[in-house]
Amino acid sequence: MTNKQALNDAQPLNSSIDRRNLLKMSSAAAAALGMMSIFNTSFAEAQDMSNGAANFYTSDRVTLQKVTFKTQYQTHVAGNLYLPKDLNQAAKNPAIIVGHPMGAVKEQSANLYATKMAEQGFVAMSIDLPFWGESEGQSRNLVSPEVYAEAFSAGIDFLGSHVFVDRQRIGAIGVCGSGSFVISAAKIDPRIKAIATVSMYDMGAAFRDALNKSQTVEQRKQFIAAAAEQRWAEADGGAIEYVGGTTLALTADTDPVQREFYDFYRTPRGEFTPTGATPQTTTKPTMSSIVKFANFYPFNDIETISPRPMLFISGDQAHSKEFSEDAYKRASEPKELVWVKGAGHVDLYDRVDLIPFDKLNSFFDQHLTA
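Residues numbered from 1 in each chain as written. Predicted model: local features only at pLDDT ≥ 70, side-chain atom pairs only at ≥ 80, totals over all residues. Heavy atoms only, no water.

## Some remarks on the packing of aromatic side chains
Just so we agree on the cut-off: In summary, the pairing rule links any two rings of Phe, Tyr or Trp, Trp by its six-membered ring, whose centres are within 6.5 Å, and it sorts them by plane angle into stacked for under 30 degrees, edge-to-face for over 60 and tilted for everything else. Whether a charge lies above a ring is judged from NZ of Lys or CZ of Arg, which has to be within 6 Å of the ring centre and within 35 degrees of the ring normal.
In this structure the tally under the stated criterion is 15 aromatic pairs. Site record: aromatic cluster; members linked through ring pairs are Tyr148, Phe181, Phe293 and Phe296. The aromatic ring of tyrosine 57 is capped on one face by lysine 116, whose charged end is 4.1 Å from the ring centroid. Over the ring of tyrosine 297 we find arginine 208; its NZ or CZ atom is 3.7 Å from the centre of that ring.

## Looking at unusual backbone geometry
Selection rule: Secondary structure counts use DSSP, requiring at least four H or I residues in a row for a helix and at least two E residues in a row for a strand, with both numbered from the N terminus.
Here the amide bond leading from glutamine 138 into serine 139 is cis, since omega sits at 0 degrees, within 30 degrees of zero. Turning to its location among the elements, serine 139 is positioned in the loop between strand E4 (123-127) and helix H4 (145-160). For the bond running from serine 306 to proline 307, omega is 15 degrees, close enough to zero to count as cis. Tracing the chain through its elements places proline 307 in the loop between helix H8 (256-265) and strand E7 (310-315). You will see that asparagine 51, though not glycine, has its phi angle at about 55 degrees, which is positive. Turning to its location among the elements, asparagine 51 is positioned in the loop between helix H2 (19-32) and strand E1 (62-70). Positioned with a positive phi, asparagine 141 is a non-glycine residue whose angle comes to about 70 degrees.

## Re the confidence of the model for the chain
Low pLDDT means the predicted coordinates in that region are not meant to be read closely. Our working definition: Confidence per residue, as judged by the predictor, is encoded in pLDDT with a range of 0 to 100. For this analysis, residues touch if any pair of their heavy atoms sits within 4.5 Å.
Chain-level statistics for the chain give a pLDDT mean of 89 and a share of 87% at 70 or above. Every residue in residues 1-44 is under pLDDT 50, and counting partners more than four places away or in other chains gives 121 contacts.

## Details of the nonpolar core
Test applied: Residues belong to a common nonpolar core when they are buried Ala, Val, Leu, Ile, Met, Phe, Trp, Tyr or Cys residues joined through side-chain atoms within 4.5 Å. Note on classification: 1.4 Å probe, protein chains only; a residue is buried when its accessible area is under 20% of the maximum for its type, exposed when over 50%, partly exposed between these limits.
Counting 100 residues, the largest nonpolar core has Tyr113, Ile173, Phe293, Leu360 and Phe364 as the members making the most contacts within it. Considering each element in turn, this core owes the most residues, nine residues, to H4. Sequence-distant contacts of tyrosine 113, that is, excluding residues within four places in its chain, are made with Val98, Ile173, Val175, Val198, Leu348, Tyr349, Ile355, Phe357 and Leu360.

## Focus: H4
Operational definition: In this analysis, the expected span of each helix is defined as 1.5 Å times one less than the number of residues it contains.
Along its 16 residues, H4 runs 23 Å from first to last C-alpha, staying within 8% of the 22 Å computed at 1.5 Å per residue. For H4, the tally of buried residues reaches 14 of 16 residues, placing the bulk of the element in the interior.

## Concerning the pattern of salt bridges
So the rule is basically this: Any carboxyl oxygen of Asp or Glu within 4 Å of a side-chain nitrogen of Lys or Arg constitutes a salt bridge here.
In this structure the tally under the stated criterion is 17 salt bridges. Between glutamate 119 and arginine 61 there is a salt bridge, and its shortest N-O distance comes to 3.8 Å. With glutamate 119 in helix H3 (residues 110-119) and arginine 61 in the loop between H2 and E1, the pair connects residues that are 58 residues apart, well separated along the chain. On the basis of relative accessible area, glutamate 119 is assigned to the buried category, the value being 13%. Note that arginine 191 is salt-bridged to aspartate 189, the shortest N-O span being 2.9 Å.

## Comments concerning the environment of tyrosine 242
Structurally, tyrosine 242 is set in the loop between helix H7 (217-235) and H8. For the pair formed by tyrosine 242 and threonine 281, sequence separation is 39 residues and the distance between their alpha carbons is 7.2 Å.

Right under this line is the structure:
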């Protein structure tokens, strides 16, 4: 389903809102969220496996256990727990929880990061955010920043319940949108002792303003009004509508940001469709819930995380680098901003020759010390 199909099928729409202008606005917002629609080329056409692209990387040096744990809302979050094969389970070990990009699932980027950190000796766990992947939550693909942040705190509960995990040495990695959810969680959960973000999106700012503040307040209001009308439609028994997302094809004039996401989400490089979902719904949030990002301000009070350390990693060519820059400026010491030379936004999802795993290892090794 394209953005145009989603918006045109959402009934009823406020008659005062011009559909064409609404489509332009929602497309801008979707691009900012890294989920812009793209059109008309074959599935296999883009895939760029350069720089060690290895989203589905596995390691014979770690073991994998599928796990679930409860949030304070009494819903279950699904995760993959990775343990080094030589882990001393009689000792107290450092642990890391990893969150996936917005619109993705743990099989996209988060598993890779968790596996690589487990290879370095950490207990590591990737999770599916609530309403996505194998985690519970209805409607599917619902946007709820507070519930997303709670999933990380619940993950800390779960990791800390293991006798081989040191409760005083648990950190977190957030990739893309999860970077903002990890920060949101860490502001009110001091048990997260060290925080790293990679290719971070501030999902609130992305929804409100789009990239480089290219969306007007009036455009935002138009979309919010349309989403409210869609909520009426759903309350009256109508079908759930989805917006944004990565569609199944490209055109010759598709812009570079859109192509980045297509190359990951719609080719064998990173495509993954969870059980019960379809390619028509993967990556796409619901229209009536995405407006909750308008009230999401993860960087407000970010300075209160100090003295816990923060590491921000971004490609120096990333279209999203404004968010890491903003967070770094607002955060208090200790903090560090690392630019990966030549890397774009999606490159740091899976290109192991570009992702600075050595830096992540040294950061957590230093700050999750006994």
